[in-house]
Amino acid sequence: MPEKPSQRNAWMWVGKLTPPQVKLDSVQRDALLRRLLQSHLVPLALIVSPAGFGKTTLLAQLHAQLQQRNDDGGATAWLTLDEADRDEAGFLSYLLLAIDRAGIDLGPLARRVHEQNSDGDPLRTVSALLQALQRAQRRVTLMLDDFHRASSPAVDAIVRALVERGAPWLRLVVATRWRPNWPLATMKACGQLQEIHPGELVLSLSETTTVLGSGIDPFEASIIHARTEGWAVAIQLARLWVHEGPGATHGLQAFSGRVTEVAEYLTEQVIAKLPDDCQQFLVETSMFERFNAELADVARGRTDSAGILARLSGIDSLLVPLDASRSWFRYHQLFADFLRPRLARQRGREIHRAAAPWLAEQEDWPLAVTHALAAGDVKLAVAFIAKAGGWKLVLHMGIQYTRRLLEHFDDVTRRSEPQLLLIQAYLHAKHGDELLAFELLRMARAGLQREPDAAAEHDLIVIDALVHSYFDHLEVSKAWPRTGDAANQYLPDDPLGQATLLCVSAVSAVALGEMPSAIEAARAARTRMRLVRSPLGENFCLLHESQALSVMGHLEQGRLMVDEAVALADANFGTDSSLKALVGCFKAQQLFWEGRWQDAQPLIQSVQESLLQVDGWLDVFAIMAEVAWRIAVRHDGVKQALAMLDDTALLARRRNMPRLERMARVWRIDLLAQSGMAAQARKELASTGLDKAMASAFAGEAPVDWRFLEAAALAQARLQLAGGTAGSSMGRARLRRAAKLLEGLGLQLPAWRVKLMSLVLERRLAGDGAVEGDAESALTPILEHSLHGFLMELGQQVVPVVQRLPGPLSTQVQSALQKFGNGSRAQRAAHCSAKELEVLSLLVAGQPNKLIARALGISADTVKFHLKQIYRKLNVDNRSAAVNVAIRQGLVSDVAVPIAAQE
């Protein structure tokens, strides 16, 4: 079982996760309880009424009965909601805590919520919760009290998902002042809803008499019942008033009006009977959501709060104890609404100002900020944000929590305080808003020039680096520390800030092809992440180091580090977290390299949607895009692969990443060329400036963009394989030069890939003899490291090259070759008829249907019939995809020249 909240923070949980005590003098709602208990299989029970009708009392009685009945292994959880829970992240966090507190083993979910590491995707958290409930095999009844205070579109969507998908392991009992904006009629028709209306909560005369207690005259009881209309809270107040002495009901006979006026009238009468110090206490503590004697003493500047609370034990209906020891209290909402306007403004400011630091000591930053602002002390509120960690709140508490904190401040404060500006710059960078992120950085820098602040200036260093790295601005990366000693000098006594800077440096070093520096920075960062106990940060360090090791050719070490990252993400964040999606992207890349495309494809598809919503950097988006389109062109056809590249280009423009957009354009040329659309590929090549960019890289005129160089070399080779170019010898020399440049930089993996492509191209253009001596040196590292995916992406064209290797092929290599056809052409084409193969050959040559019909002496309709059969047998749905598969599987001659296929 995960560790429970510390005593220091107990006040944050008490009241929200604990049902109020069922009072001995409260009337037992037996009929309603029987209905709720008999309908235990209905996923949702909804109790709707205005304030004071006894919703909370009914829920507390149901909770008590279920606690007694849960000998069958069931569990009962309680959550009282307030306005702070309107955000889905906060709502889900407390919901998970409530279920965890009920004794359900939620695994990593519980650990994450206790550490306040929430997932950015609420629906993933819901899925993880439902999986945990299914694993636990225990039925949970979760009671949500005061739901109207937290209702919002986001929270409503979560509750609906729980209702629709939670059966049979979860039942929700929801108490609210008004009907939520849910499809209640549909839910009721589907048997998902049981509803209790306000009229059913009205107390009967006999129940009213029970509440009023023994000794009440039946006539007086009938007057109270009539005047209160059976409204529970008003009857409770009347009981307090009546018991003050004889004749107290006299005023009721002359009183007229609806229930709200009755409640106000009776409340005034209750207050008027209390001693002055008790009245003053009630007014001065009425602004607290929940409180104990210590907070009341601190806020009021007194030491008598415990004694006054003991003297107020008779008004439990208004001052509700939250625990059995009567340490924590909250006010009935109607009573709080009555009391708060009676507090003088200046005295209120003094109480808010005194309470704020105490709340900060409990690390309840939202309430600490709220009270500081209510006291008119903006500087104190900002100081609390800094004390909480500033931008580090995003890492420790999540994006949504941090946003809610910022929402407490007005626009002027958010645009003038450097600490708040830096947090906002970080948040906007994570969501891809480059212009606003940099503008907020500029404003923060200007503010610090006017009013220096050493802590904020240190934070500025980190956020400035993060923003630049998110948007691939690496021109300033040389200023970032890449060693532990350098990081210590930048940010002394700030291990998390140091670790973050080192991670940023690792990202930039990978992008610039400086892999040893990336490894050194990632390892130094990981040491510090462990020091501050940040498994989230450790995951990033593992990914950076794995990427650098893999590109250098240390594939086995890279694989082990990604597997460690997967295990770390599962253990700390669950299988449905955003971090798991990020780690999954790097795992999919390794599966792609290994040729395990069937395993990689569903993984990359599952992470694509998540990665578009989180704070990825160029490496992440490039990996995701390349793995996705290269697998899609084989499994889903050219159209789907082109659509993916269009999405990548759109993402690049939205995040202003010109390098990513340029790679998307080059990948598109590669895709068109290998899919039989060489003419279109050559046309698009002319507009990319690819030749000029490669020449600049060879001349050393700019830092080598190794990702672009690899993609450009592969695309140019594809074009030559697809039909030759005027300068084919120049193209081959350029390929060899690219491979040599990459190898010289220690970037072995892309060098091997380009060498393999060069080998295939040499064989195609110059014959087998020209490559016989180079085949073994080019293929050996690929086969040693099981990079079968590089063989698979070349398809049938690589088979003759591999088969010329001396000695027998390994079982793994033979298996990889068989995935794209490794028999004779006759064997591979056995499932196509002779006429279909003739049609296919002309199709690959780019002939339209009319010319195919004329060449074969058949009608155009017959050609269409053969095309349908070819599509079905090749499992494609268009001409381009058929051309692509035919070339890959060797169904056409190795010397066939595929030109632009016409759709």
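Just so we're clear, the structure is a prediction, and the values are computed from it rather than from any experiment.

**Focus on the overall build of the protein chain**
Helices and strands together make up the secondary structure of the protein chain, namely 51 helices and 7 strands. Buried positions account for 59% of the 903 residues belonging to the protein chain. If you take every contact in the protein chain between residues at least 6 apart in sequence, the share linking residues at least 24 apart comes to 71%. Accessible area for the protein chain stands at about 36,400 Å²; split by element, carbon and sulfur atoms hold 52% of it.

**Some remarks on the pattern of salt bridges**
Within this structure, the stated rule accounts for 51 salt bridges. Salt-bridge contacts for Glu350 lead to Arg347; the nearest nitrogen and oxygen are separated by 3.2 Å. Within this pair, Glu350 and its partner Arg347 are both found in helix α19 (residues 345-361), separated by 3 residues, close to a single helical turn. Overall, the relative accessible area of 23% leaves Arg347 in the partly exposed class. Salt-bridge contacts for Asp494 lead to Lys392; the nearest nitrogen and oxygen are separated by 2.7 Å.

**As for the confidence of the model for the protein chain**
Residues of the protein chain with pLDDT of at least 70 account for 84%, and the chain-wide mean is 83. Scored below 50 in pLDDT, residues 1-10 makes 17 contacts in the model with residues more than four places away or belonging to other chains. Across residues 821-830, confidence stays below pLDDT 50; counting only partners more than four residues off in sequence or on other chains, it has 19 contacts.

**Describing the packing of helix α10 (residues 205-212) against helix α11 (residues 218-228)**
Where α10 meets α11, the axes come as close as 9 Å, and the angle between the chain directions of the two elements is 110 degrees. Taken together, the axis directions place α10 and α11 in an arrangement best described as roughly perpendicular. The handedness of the crossing between α10 and α11 comes out as right-handed. Each of Leu205, Thr208, Thr209 and Leu212 in α10 lies in contact with α11, whose residues at this interface are Ala221, Ser222, Ile224 and His225.

**Concerning the environment of Thr862**
Structurally, Thr862 can be placed in helix α50 (residues 860-874). According to the relative accessible area criterion, Thr862 is partly exposed, its value standing at 29%. Spatially, the C-alpha atom of Thr862 lies 9.6 Å from that of Asn849, the residues being 13 residues apart in sequence. There is a polar contact of 2.8 Å between the side chain of Thr862 and the side chain of Ser859.

**Digging into helix α31 (residues 535-551)**
Its 17 residues place the ends of α31 24 Å apart at the C-alpha level, agreeing with the 24 Å of an ideal helix rising 1.5 Å per residue. In terms of burial, α31 is a largely internal element, 17 of the 17 residues being buried. Gly553 sits one or two positions beyond α31 and adopts a positive phi of about 105 degrees.

**Describing the sheet that holds strand β4 (residues 170-176)**
Pairing is parallel in the open sheet, where 5 strands are placed in the order β2-β3-β4-β1-β5. Both edges of this open sheet fall to β2 (75-80) and β5 (193-196), since each of them pairs with a single strand only. Strand-to-strand, the axes of this sheet are offset by a mean angle of 15 degrees, without reference to chain direction. In this sheet, strand β3 (residues 140-145) lies alongside β2 in parallel orientation, the contact comprising 6 bridges. Bridging from a neighbouring strand, Thr80 pairs with Asp145 of β3.

**A look at the environment of Leu787**
Considering the arrangement of structural elements, one finds Leu787 in the loop between α43 (772-784) and α44 (788-794). Separated by 38 residues in the primary sequence, Leu787 and Leu749 have C-alpha atoms spaced 9.5 Å apart. Setting aside residues up to four positions removed in sequence, Leu787 forms contacts with Leu555, Trp593, Leu749, Trp752 and Ile782.

**Here's the deal with the packing of aromatic side chains**
What describes a pair of aromatic rings is the distance from one ring centre to the other and the angle between the planes of the rings. Inspection of the entire model under this criterion finds 9 aromatic pairs. Measuring from centroid to centroid gives 6.3 Å for Phe438 and Phe471, while their planes differ by 45 degrees, and the two rings are tilted. Here the residue Phe438 occupies a position in helix α26 (residues 434-450), and Phe471 occupies one in the loop between α27 (454-470) and α28 (484-490), the gap between them amounting to 33 residues. An aromatic cluster is built from Phe281, Phe288, Phe291, Phe329 and Tyr331, whose rings are joined through pairwise contacts. Over the ring of Tyr94 we find Lys16, and its NZ or CZ is 4.5 Å from the ring centre. We note Arg342 situated over the ring of Phe338; from NZ or CZ to the ring centre the distance is 3.7 Å.

**So, helix α48 (residues 834-844)**
Listed in full, the buried residues belonging to α48 are Glu836, Val839, Leu840, Leu843 and Val844. Angular distribution of buried residues about the axis of α48 spans 135 degrees; they occupy a single face of the element. After α48 finishes, the residue Gly846 shows a positive phi value of roughly 90 degrees.

**With respect to unusual backbone geometry**
Residue Pro168 follows Ala167 across a cis peptide bond; omega there is 0 degrees. With respect to the secondary-structure elements, Pro168 resides in the loop between α7 (153-165) and β4. Positioned with a positive phi, Ser786 is a non-glycine residue whose angle comes to about 55 degrees.

**Description of the pairing of β4**
β4 sits mainly inside the fold: 7 of its 7 residues count as buried. Sheet topology note: the β3/β4 ladder contains 5 bridges and is parallel. Residue pairing across strands places Leu142 opposite Leu172, the latter belonging to β4. Handedness of the β3-α7-β4 crossover: right-handed.

**A short note on the side chain of Gln61**
Here Gln61 lies in helix α3 (residues 55-69). Under the relative-accessibility criterion, Gln61 is labelled buried at 1%. Only 3.1 Å separates the side chain of Gln61 from the backbone nitrogen of Arg29, close enough to count as a polar contact.

**Quick look at the state of the cysteines**
Applying the stated criterion across every chain, the model contains 0 disulfides. Just so you know, Cys541 is unpaired, no disulfide at all, and the nearest cysteine sulfur is the one on Cys503, 3.6 Å from it. Residue Cys541 is classed as buried on the basis of its relative accessible area of 1%.

**Structural notes on the packing of helix α49 (residues 849-856) against α50**
Where α49 contacts α50, the axes come no closer than 8 Å and their chain directions differ by 105 degrees. Taken as axis vectors, α49 and α50 run roughly perpendicular relative to one another. Only Ala860, Val863, Lys864 and Leu867 of α50 make contact with α49, whose side of the interface consists of Asn849, Ile852 and Ala853. Tallied by class, residues from the contact of α49 with α50 come to 5 nonpolar, 1 polar and 1 charged.

**Points about the side chain of Asn292**
As for its placement among the helices and strands, Asn292 is situated in the loop between α15 (276-284) and α16 (293-300). Among the residues examined, Asn292 registers a relative accessible area of 11% and is labelled buried. At 3.3 Å, the side chain of Asn292 forms a polar contact with the backbone nitrogen of Glu294. Excluding anything up to four places from it in sequence, Asn292 contacts Ser327, Trp328 and Trp358.

**Describing the environment of Phe540**
Structurally, Phe540 is set in helix α31. Along the primary structure Phe540 and Ala525 are separated by 15 residues, whereas in three dimensions their C-alpha atoms are 9.3 Å apart. Ignoring sequence-local partners within four residues, the contact set of Phe540 consists of Leu579, Leu582 and Trp617.

Calculation rules
- Residues numbered from 1 in each chain as written.
- Predicted model: local features only at pLDDT ≥ 70, side-chain atom pairs only at ≥ 80, totals over all residues.
- Heavy atoms only, no water.
- Helix = DSSP H or I, 4+ residues; strand = E, 2+ residues; numbered from the N terminus.
- Buried < 20%, exposed > 50% of the residue type's maximum accessible area, 1.4 Å probe, protein only.
- Contact = heavy atoms within 4.5 Å.
- Areas by Shrake-Rupley, 256 points an atom, 1.4 Å probe, with all protein chains shown as cover.
- Salt bridge = Lys/Arg side-chain N within 4 Å of Asp/Glu carboxyl O.
- pLDDT = per-residue confidence, 0-100.
- Axes fitted to C-alpha atoms, helices over the stretch in contact; angles between N-to-C directions.
- Parallel < 35°, antiparallel > 145°, perpendicular 65-115°, else oblique.
- Left-handed = near helix turned anticlockwise from the far one by under 90°.
- Polar contact = N/O pair within 3.5 Å; in protein donor to acceptor, adjacent residues only side chain to side chain.
- Expected span 1.5 Å × (residues − 1).
- Pairing = 2+ DSSP bridges.
- Phe/Tyr/Trp six-rings, centres within 6.5 Å; stacked < 30°, edge-to-face > 60°.
- Lys NZ or Arg CZ within 6 Å of the ring centre and 35° of its normal.
- Arc of directions from axis to C-beta.
- Right-handed = clockwise from strand over helix to strand, strands pointing away.
- Disulfide = S-S within 2.5 Å.
- Nonpolar A, V, L, I, M, F, W, Y, C, P; charged D, E, K, R; others polar.

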